[in-house]
Amino acid sequence: MNYYYLHDGTEVNREMIKQAYEEGKAVLIHTTVAGGGGVMRLMLDGIMVDTREQCANVIDEVWSSKPVTLAQALAAAYSDRKRRKA
């Protein structure tokens, strides 16, 4: 079974992501992690952000972009396991 989660841990389904993508509200959130790699997560609110060059540390920077394809949006939210609630 496929599980999808937004950047804040909210569980969503494929149809919710598809609808947001079609309405132009799907947003990819990019961050840099220690060691120089990157992480990409999904938001469905349509709000674009960019804190690059505004933070003292590159790890604190966040920026967004629109997914080019629905598959890209799904991949940003995909997880192969159900997350446990704390």
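Residues numbered from 1 in each chain as written. Predicted model: local features only at pLDDT ≥ 70, side-chain atom pairs only at ≥ 80, totals over all residues. Heavy atoms only, no water.

## Considering the confidence of the model for the chain
Then, number 1: Residues at a pLDDT of 70 or more form 91% of the chain, whose mean pLDDT is 87.
Then, number 2: Per-residue pLDDT, averaged within each element of the chain, yields its smallest value for strand β6 (residues 78-79) (80) and its largest for helix α1 (residues 14-22) (97). (pLDDT = per-residue confidence, 0-100. Helix = DSSP H or I, 4+ residues; strand = E, 2+ residues; numbered from the N terminus.)

## Examining the pairing of strand β3 (residues 27-32)
On any regular strand, side chains alternate: one points to one face of the sheet, the next to the other face.
Then, number 1: Counting buried positions over the six residues of β3 gives five, a clear majority of the element.
Then, number 2: By the bridge criterion, six bridges tie β3 to strand β4 (residues 38-43) in an arrangement that is antiparallel. Of the residues in β4, the one forming a bridge with Thr32 is Gly38.
Then, number 3: Where β3 lies against strand β5 (residues 62-65), four bridges are found, and the strand directions are antiparallel. Residue pairing across strands places Thr31 opposite Val62, the latter belonging to β5. (Buried < 20%, exposed > 50% of the residue type's maximum accessible area, 1.4 Å probe, protein only. Pairing = 2+ DSSP bridges.)

## Things to note about the pattern of salt bridges
Then, number 1: Enumeration over the complete set of coordinates arrives at three salt bridges.
Then, number 2: We note a salt bridge from Glu22 to Lys18, for which the minimum N-O separation is 3.8 Å. Residue Glu22 and its partner Lys18 are located together in helix α1, separated by four residues, close to a single helical turn.
Then, number 3: For Lys18, a relative accessible area of 28% translates into the label partly exposed.
Then, number 4: Of the charged contacts in the structure, one is a salt bridge between Arg52 and Asp50, with a shortest N-O distance of 2.8 Å. (Salt bridge = Lys/Arg side-chain N within 4 Å of Asp/Glu carboxyl O.)

## Regarding the sheet that holds β5
Then, number 1: Taken in spatial order, the three strands make up an open sheet running β4-β3-β5, and their pairing is antiparallel. Every other strand in the sheet has two partners, leaving β4 and β5 as the edge strands with one partner each. For this sheet, the mean inter-axis angle between neighbouring strands, taken without regard to orientation, is 30°. (Axes fitted to C-alpha atoms, helices over the stretch in contact; angles between N-to-C directions.)

## Observations concerning the packing of α1 against helix α2 (residues 70-77)
Axes are the key here: two packed helices are described by the angle between their axes and the distance separating the axes.
Then, number 1: Between α1 and α2, whose axes approach to 10 Å, the crossing angle comes to 135°. Of the possible angle classes, the one that applies to α1 and α2 is oblique. Considering the relative orientation of α1 and α2, their crossing is right-handed. Residues Arg14, Ile17, Lys18 and Tyr21 of α1 pack against Leu70, Ala73, Leu74 and Ala77 of α2.
Then, number 2: Across the contact of α1 with α2, the residue classes tally to six nonpolar, no polar and two charged. (Parallel < 35°, antiparallel > 145°, perpendicular 65-115°, else oblique. Left-handed = near helix turned anticlockwise from the far one by under 90°. Contact = heavy atoms within 4.5 Å. Nonpolar A, V, L, I, M, F, W, Y, C, P; charged D, E, K, R; others polar.)

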